[in-house]
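# Fold and geometry: a report
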Amino acid sequence: DEADRMFDLGFIKDLRYLVRRCSPPEKRLNMLFSATLSQRVLELAYEHMGEPELVRIEPEKMTVDRVEQVIYHVANDEKVRLLVGLMRKHKPERALVFVNTKGGAERVWSYLAGNGFNAGLMTGDVRQTTRQRLIGQIKRGEIEVLVATDVAARGLHIDGVSHVFNFDLPQDPEDYVHRIGRTARAGATGEAISFGCETHVLSLPDIEAYIGKPIPTAAIAADLLATDLERPARIDEPGVLEARERRRSGGGRSDGRGGRDGARR
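Residues numbered from 1 in each chain as written. Predicted model: local features only at pLDDT ≥ 70, side-chain atom pairs only at ≥ 80, totals over all residues. Heavy atoms only, no water.

## Observations regarding the packing of aromatic side chains
Under the defined criterion, the tally for this structure stands at one aromatic pair. Judged by centre distance (5.7 Å) and plane angle (55 degrees), the ring pair of Phe167 and Phe195 falls under tilted. Highlighted residues: Phe167 in the loop between β5 (163-166) and α7 (173-180) and Phe195 in strand β6 (residues 190-196), separated in sequence by 28 residues. For the residue pair Phe167 and Phe195, the accessibility class agrees, reading buried in each case. If you follow Arg21 out to its NZ or CZ, it ends over the ring of Tyr17, 3.7 Å from the centre. (Phe/Tyr/Trp six-rings, centres within 6.5 Å; stacked < 30°, edge-to-face > 60°. Helix = DSSP H or I, 4+ residues; strand = E, 2+ residues; numbered from the N terminus. Buried < 20%, exposed > 50% of the residue type's maximum accessible area, 1.4 Å probe, protein only. Lys NZ or Arg CZ within 6 Å of the ring centre and 35° of its normal.)

## A look at the packing of helix α4 (residues 79-90) against helix α5 (residues 102-114)
Two numbers describe how α4 lies on α5: the axes approach to 11 Å, and their chain directions differ by 50 degrees. As far as their axial angle goes, α5 and α4 are oblique. Once α4 is placed against α5, the crossing between them reads as right-handed. Where α4 approaches α5, its residues Val80, Leu83, Val84 and Met87 are matched on the opposing element by Arg107, Val108, Tyr111 and Leu112. (Axes fitted to C-alpha atoms, helices over the stretch in contact; angles between N-to-C directions. Parallel < 35°, antiparallel > 145°, perpendicular 65-115°, else oblique. Left-handed = near helix turned anticlockwise from the far one by under 90°. Contact = heavy atoms within 4.5 Å.)

## Things to note about the pairing of strand β3 (residues 119-122)
The alternating pattern of β3 places Ala119 and Leu121 on one face and Gly120 and Met122 on the opposite face, and all of these are buried. Relative to strand β4 (residues 145-148), β3 runs parallel, the two sharing four bridges. Along β4, the bridge assignment pairs Leu121 with Val147. Once you follow β3 into helix α6 (residues 128-139) and on to β4, the crossover reads as right-handed. (Pairing = 2+ DSSP bridges. Right-handed = clockwise from strand over helix to strand, strands pointing away.)

## Examining the sheet that holds β4
Ordered in space as β1-β6-β5-β2-β4-β3, the six strands form an open sheet in which the pairing is parallel. Looking at the sheet topology across the chains shown, the edges are occupied by β1 (67-73) and β3. Within the sheet, the average angular offset between the axes of one strand and its neighbour, ignoring direction, is 15 degrees. One ladder, built from four bridges, connects strand β2 (residues 95-98) with β5; its direction is parallel.

So this is what it looks like as structure tokens:
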């Protein structure tokens, strides 16, 4: 699954190593799956699979019709206020907020958690046990919003996600497709709300070209910008959530540098 990433993220040498040691093409079955396959990836797949059959499902639709897409053009310093305002307005039971960097995700999580939302945080360095716990919590309704980097954009199936927020527009248009594909699954409907801020709006033309249509623009009404933000919840340093998880499970230990549970003081 997500086979394009195997070619796209520098694994091509490893793939060639493995394929050379597999049975001949006529004695094996390889199947590659992905929502996005570029021409370069297809060329590599054909090179290594041996007369494959290509199967496409609705190839003319880059994004599903049941996802209502909208973009707000917002200043960088108003993004948090707008996100909190939209969360208060829509009151989603399950929502995903995508942020491009780990530090940015931690900042967004801290504001949501500090303003009354049951929020989880998932970044690339979070342990698998913690990821599974977070996914279970949002599926059971114990948390209402999961703030994540693109580690959650692919292969993550959570029923009932009504809203996907692109707090940062992704640099890769394919990531936009995968992000908004977390909602409107299994025949449901959903909303994909993106922020076109000063830093990331340059990605918008490439995204619109890739999906084949413009994303409708929405005006920011005055009441959408939260004016009563509480102080953000505190994340002392990267990895502290993981350290807390280890403490819950009784796995805390000294890191040998005067800190506990792997978190330096």
